[in-house]
Amino acid sequence: MSRVVILYGPPGSGKGTQAELLVRKYDFIHFDSGRYIESLVHSKEAAKDPILMRERKNFDTGILCTPEWVLKVTRDEAIRVAKSGFNLVFSGAPRTLFEAFGDHKTKGLFDSLEKHFGKENVSIILFTAGENVSIFRNSNRKVCSVCGLPLLESARASHCGLCGGSMRTRTLDKPEIIKDRLVQYRTRTFPIIKELKKRGYQIKTIKAEKLPFEIFKSVERNLKLG
Ligand SMILES: [Zn+2]
């Protein structure tokens, strides 16, 4: 039976890295909803589809995509993966209460996950990191200038371990922007966690201030993997 793991945590807590580690070591597919939506609205089919065209316009102009549509496409994709027999890992999604639980007329993502994977196969992990750690990691994030491979903020390499390209610091993560993202994270995620507890989910909390491989050991232990 395949399973679903949902990782939540503030920006810089390394949830994306942990998701990638699950992909590399176990049969997981990392579902990055932001990237998935971008690929949908920029696909060839989008030019012939009025709904995709509408969402493309929203996406490209920075307006939020229609929540009902986001919920529908992420739910469809999750079901497709469930049927293929792979495990699924989400990092930071579902992002809103509506995406997570729907409303009186629409079923939410958790309803579909419970139906197709079984509630006992849905695990939720919450990473915690102090605000200073979040800000430090986000403002010292080094990536390869050629292939985009990230480098740990504590590593000193000047060249990429994959392609040999030079490393650069990502400048888009300015402290004031990160602070804003932290506020957004709290106001959006905490109500979802609260609702999940009400539904009977056990939320596993992992401190995410060590190196990724050490955090991954806790993740494996929590998920009874390995
Ligand atoms: Zn590279």
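Up top is the structure these notes are about.
What counts, and where the lines are drawn
Residues numbered from 1 in each chain as written. Predicted model: local features only at pLDDT ≥ 70, side-chain atom pairs only at ≥ 80, totals over all residues. Core = buried A, V, L, I, M, F, W, Y, C linked by C-beta atoms within 7 Å. Buried ≥ 20, exposed ≤ 12 C-beta atoms within 10 Å, placed from the backbone. Helix = DSSP H or I, 4+ residues; strand = E, 2+ residues; numbered from the N terminus. Contact = placed C-beta atoms within 7 Å. Pairing = 2+ DSSP bridges. Axes fitted to C-alpha atoms, helices over the stretch in contact; angles between N-to-C directions. Parallel < 35°, antiparallel > 145°, perpendicular 65-115°, else oblique. Left-handed = near helix turned anticlockwise from the far one by under 90°. Nonpolar A, V, L, I, M, F, W, Y, C, P; charged D, E, K, R; others polar. Expected span 1.5 Å × (residues − 1). Bend = angle between axes of the 7 residues up to and from the residue.

Peer 1: How should I be thinking about the nonpolar core in this particular structure?
Peer 2: The tendency in soluble globular proteins is for nonpolar side chains to be buried as a group. Membership of the largest hydrophobic core comes to 36 residues, with the highest contact counts inside it found for Val5, Ile6, Leu7, Val89, Ile125 and Phe127. Per-element tally for this core: the top contributor is strand 1 (residues 4-8), with five residues. Those residues in contact with Val5 that sit more than four places away from it in its chain are Leu22, Val89, Ser123, Ile125 and Leu223.

Peer 1: Would you take a moment to explain the pairing of strand 3 (residues 87-91) for this structure?
Peer 2: Side chains on a regular strand alternate between the two faces of the sheet. With five of five residues buried, strand 3 lies mostly within the body of the structure. Burial along strand 3 is two-sided: Asn87, Val89 and Ser91 facing one way and Leu88 and Phe90 facing the other are all buried. With four bridges connecting them, strand 2 (residues 28-31) and strand 3 associate as parallel partners. Bridged to Phe28 within strand 3 is Asn87.

Peer 1: Help me understand the packing of helix 4 (residues 67-84) against helix 6 (residues 109-117) in this model?
Peer 2: Each pair of packed helices can be described by the angle between their axes along with the distance between the axes. Packing of helix 4 against helix 6 brings their axes to within 10 Å, and their N-to-C directions diverge by 15 degrees. Put simply, helix 4 runs roughly parallel to helix 6. The handedness of the crossing between helix 4 and helix 6 is right-handed. Mapping the contact onto sequence places Leu71, Thr74, Arg75, Ala78, Ile79 and Ala82 in helix 4 and Leu109, Ser112, Leu113, His116 and Phe117 in helix 6. Here the residues of the contact of helix 4 with helix 6 sort into seven nonpolar, three polar and one charged.

Peer 1: What's the story with the pairing of strand 1 in this structure? I'm lost.
Peer 2: Burial within strand 1 is extensive, with five of its five residues counted as buried. A two-sided burial pattern is seen for strand 1, the buried positions comprising Val4, Ile6 and Tyr8 on one face and Val5 and Leu7 on the other. Here four bridges tie strand 1 to strand 3, and the two strands are oriented parallel to one another. Of the residues in strand 3, the one forming a bridge with Val5 is Val89. In the sheet, strand 1 pairs with strand 4 (residues 122-128) via five bridges, with the strands oriented parallel. The residue of strand 4 that forms the bridge with Val4 is Val122.

Peer 1: What am I meant to see in the sheet that holds strand 4 here?
Peer 2: Backbone-to-backbone hydrogen bonds pair the strands of a sheet. The strands run either parallel or antiparallel. Taking strand neighbours across the sheet as the criterion, the five strands line up as 2-3-1-4-8 in an open arrangement whose pairing is parallel. Looking at the sheet topology across the chains shown, the edges are occupied by strand 2 and strand 8 (203-207). Each adjacent strand pair in this sheet contributes to an overall mean axis angle of 25 degrees, direction not counted. Against the sheet, helix 9 (residues 212-222) engages strand 4 and strand 8, with an angle of about 160 degrees to strand 8.

Peer 1: Can you help me understand helix 8 (residues 175-198) in this one?
Peer 2: An α-helix turns once per 3.6 residues; consequently, residues spaced three or four apart project the same way. Given a rise of 1.5 Å per residue, 24 residues ought to cover 34 Å, and the 34 Å separating the end C-alpha atoms of helix 8 matches this to within 8%. The principal kink in helix 8, of about 25 degrees, is found at Thr189, preceding the proline Pro191 by one to four residues. Structurally, helix 8 contributes buried residues whose contacts are with strand 1, helix 5 (97-101), strand 4, helix 7 (131-139) and strand 8. Backbone geometry just downstream of helix 8 places Gly200 in the positive-phi region, at approximately 95 degrees.

Peer 1: I would appreciate a short explanation of the sheet that holds strand 5 (residues 142-144) in the present structure.
Peer 2: One open sheet accounts for three strands, arranged 6-5-7; its pairing is antiparallel. At either margin of the open sheet sits one strand with a lone partner, and together these are strand 6 (150-151) and strand 7 (167-169). Both strand 5 and strand 6 contribute to a ladder of two bridges, which runs antiparallel. The residue of strand 6 that forms the bridge with Lys142 is Leu151.

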